[in-house]
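Coordinate inspection notes
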Amino acid sequence: GENVEQHPSTLSVQEGDSAVIKCTYSDSASNYFPWYKQELGKGPQLIIDIRSNVGEKKDQRIAVTLNKTAKHFSLHITETQPEDSAVYFCAASSTGANSKLTFGKGITLSVRP
Amino acid sequence: NAGVMQNPRHLVRRRGQEARLRCSPMKGHSHVYWYRQLPEEGLKFMVYLQKENIIDESGMPKERFSAEFPKEGPSILRIQQVVRGDSAAYFCASSPARSGWLNYGYTFGSGTRLTVV
């Protein structure tokens, strides 16, 4: 089955700096890669996703890049703000009829004011 | 358009009791997934259901745990004879039916935090 690894496990940045979170996956059949943000006491919320037919996707201050050859994908947050502090999860799945998302362990991002 | 609704938000059970967790998917969503979250361990897949069918239960413990998604009503995750190790946050997510090669991101509920005392 799919195995998704996320590193580092914690990241602290100064407000206004950029943050980069990296994930690797094992199953070459995976072709859908979403990122979720989870705030304390809440459920994970989808913030951006990318499919294997593109290498990069951007939405305002966040962007995701995908390297299929190396089987890794990254989340980039620019101009970080204190409200970006949360746990971020990457995930991967294939397009099989009964496929499911496999999540990384999450990274705790702290943005220092 | 209400999101994924889970209840209760918090549930306290004594060891040996039963826990029933409910999940109503988003309107128009026919796929339901249950995940368990333990501190420092991320989201672990438990079971994937469609209406009246269990599609993948590879993440469910073999004993005491069961799930259903009936034709009418919410999806239920049931844990019988709970033990302290069952204490965790349980999240339900839903997604619309797949179309061709497309996958869709899941919409998660706010979770049920189960505490076994």
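Going by the structure above, here's the rest.
Residues numbered from 1 in each chain as written. Chains lettered and ligands numbered in written order. Predicted model: local features only at pLDDT ≥ 70, side-chain atom pairs only at ≥ 80, totals over all residues. Heavy atoms only, no water.

**Points about the sheet that holds strand 8 (residues 72–77) of chain A**
Residue and element names in this part refer to chain A. The five strands lie next to each other as 1-3-8-7-6, forming an open sheet whose pairing is antiparallel. The sheet is open, and its two borders are formed by strand 1 (4–7) and strand 6 (56–59), each paired with just one other strand. The average undirected angle you get between the axes of adjacent strands in this sheet is 15°. Note: strand 3 (residues 19–25) against strand 8, six bridges, orientation antiparallel. Note that in strand 8 the partner of Ala-19 across the bridge is Ile-77. (Pairing = 2+ DSSP bridges. Helix = DSSP H or I, 4+ residues; strand = E, 2+ residues; numbered from the N terminus. Axes fitted to C-alpha atoms, helices over the stretch in contact; angles between N-to-C directions.)

**A few points about unusual backbone geometry**
What is expected of a backbone is that most residues other than glycine have negative phi and most peptide bonds are trans. Going from A:His7 to A:Pro8, the amide bond is cis rather than trans, its omega being 0°. Checked against the element boundaries, A:Pro8 lands in the loop between strand 1 and strand 2 (10–14). Cis peptide bonds are those with omega within 30 degrees of zero, and the linkage from B:Asn7 to B:Pro8 qualifies with 0°. By the secondary structure assignment, B:Pro8 is in the loop between strand 1 (5–7) and strand 2 (10–13). Here A:Glu79, not a glycine, exhibits a phi torsion of approximately 45°, which is positive. Mapped onto the elements, A:Glu79 comes out in the loop between strand 8 and strand 9 (86–92). Positive phi, normally seen in glycine, also occurs at B:Gln81, with a value near 45°. Here B:Gln81 lies in the loop between strand 8 (75–79) and strand 9 (88–95). The exposure class of B:Gln81 is exposed, given its relative accessible area of 53%. (Buried < 20%, exposed > 50% of the residue type's maximum accessible area, 1.4 Å probe, protein only.)

**Examining the interface of chain B and chain A**
Taken residue by residue, the interface counts 26 residues in chain B and 23 residues in chain A. Counting each side, the surface lost to burial between chain B and chain A is near 1900 Å², with a carbon and sulfur contribution of 53%. One can count one salt bridge joining chain B with chain A. One salt bridge connects A:Lys100 with B:Asp56, and the closest N-O pair in it is separated by 3.1 Å. One can count seven residue pairs in polar contact (both at pLDDT 80 or more) joining chain B with chain A. If you list the elements that add at least two residues to the side of chain B that touches chain A, you get strand 4 (31–37), strand 5 (43–50) and strand 6 (53–56) of chain B. Counting residues per element, the side of chain B that touches chain A draws most heavily on strand 5 of chain B, at four residues. Residues that form the side of chain B that touches chain A fall into these classes: twelve nonpolar, eight polar and six charged. (Contact = heavy atoms within 4.5 Å. Buried area = accessible area lost by both parts, 1.4 Å probe. Salt bridge = Lys/Arg side-chain N within 4 Å of Asp/Glu carboxyl O. Polar contact = N/O pair within 3.5 Å; in protein donor to acceptor, adjacent residues only side chain to side chain. Nonpolar A, V, L, I, M, F, W, Y, C, P; charged D, E, K, R; others polar.)

**Quick word on the pattern of salt bridges**
Within this structure, the stated rule accounts for eight salt bridges over all chains. Overlapping salt bridges bring together A:Lys37, A:Glu39 and A:Lys42 as one network.

**Some points on the pairing of strand 6 of chain A**
Residue and element names in this part refer to chain A. The pairing of strand 6 with strand 7 (residues 62–67) spans four bridges and is classified as antiparallel. In the strand pairing of strand 7, Lys-58 is matched with Ala-63. The hairpin formed by strand 6 and strand 7 contains two residues between the paired strands, and Gln-60 there has a positive phi angle of roughly 55°.

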